[in-house]
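# What the coordinates show
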Amino acid sequence: MTVEEIGMALADLSLSSKEMVIFALNDNESVAEAGGSHWSLLCYRRHNNAFYHFDSLNDSNRATARDVESKITPVLGCTSPPQRIHTQCRCQANSSDCGVYVLLYSEYLVRQFVKTRLACFSIPDVLDFPSPADAKAKRRAVHQCIVDLRSQS
């Protein structure tokens, strides 16, 4: 997608007025077909004009993050180029938990944001989170949610 198409698609979200914006990233390069093999998380913080990238497979989704950063920066209304910060975090223990880690990273960021009552909390350069036990518990919780929703239909 072009910057203009992204701007039109996201116009109603008023991203230029948001203090924090979170993006779940997939490495699928096609917008027309399903696919991709890895998920990571990108977070923009306005107070310090920075993108933070959380990747549970070291930095394997770096190119995807850089592409999204360059396309979304104009939509965010940045007056100067944002910093790019790769947050070191625990690596997933298998080849299938990247989505679970994205959920856990998102929850962590939102909790910190709410806990500080929207103040300018700091995102650490090294995040010793989540643990393998956290990932296992989240995977089970997501599975149970799917089972519960299926039984309701």
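These notes cover the structure that comes with them. Every value quoted in this text rests on a predicted model; they were computed, and no experiment measured them.

To continue, consider the nonpolar core. Grouped together as the largest cluster of nonpolar side chains are 20 residues, with contacts concentrated most on C43, Y52, F54, Y105, L109 and I123. Those elements giving two or more residues to this core turn out to be β2 (39–45), β3 (50–54), β4 (83–89) and α3 (98–115). Among the elements that take part in this core, α3 stands out by supplying 8 residues, more than any other. Residue contacts for Y105: discarding those within four places in its chain leaves L41, F54, D55, S56, C89, R90, L127, F129 and P130.

One ladder, built from 5 bridges, connects β3 with β4; its direction is parallel. In the strand pairing of β4, F54 is matched with T87. Crossover connection from β3 via helix α2 (residues 62–76) to parallel β4: handedness right-handed.

A few words now on unusual backbone geometry. Within the chain, S14 stands out as a residue other than glycine whose phi angle is a positive 50°. Relative to the helices and strands, S14 is located in the loop between α1 (3–10) and β1 (20–26). Unlike most non-glycine residues, N49 shows phi in positive territory, near 50°. Its location among the elements puts N49 in the loop between β2 and β3.

Thresholds applied
Residues numbered from 1 in each chain as written. Predicted model: local features only at pLDDT ≥ 70, side-chain atom pairs only at ≥ 80, totals over all residues. Heavy atoms only, no water. Core = buried A, V, L, I, M, F, W, Y, C linked by side-chain atoms within 4.5 Å. Buried < 20%, exposed > 50% of the residue type's maximum accessible area, 1.4 Å probe, protein only. Helix = DSSP H or I, 4+ residues; strand = E, 2+ residues; numbered from the N terminus. Contact = heavy atoms within 4.5 Å. Pairing = 2+ DSSP bridges. Right-handed = clockwise from strand over helix to strand, strands pointing away.

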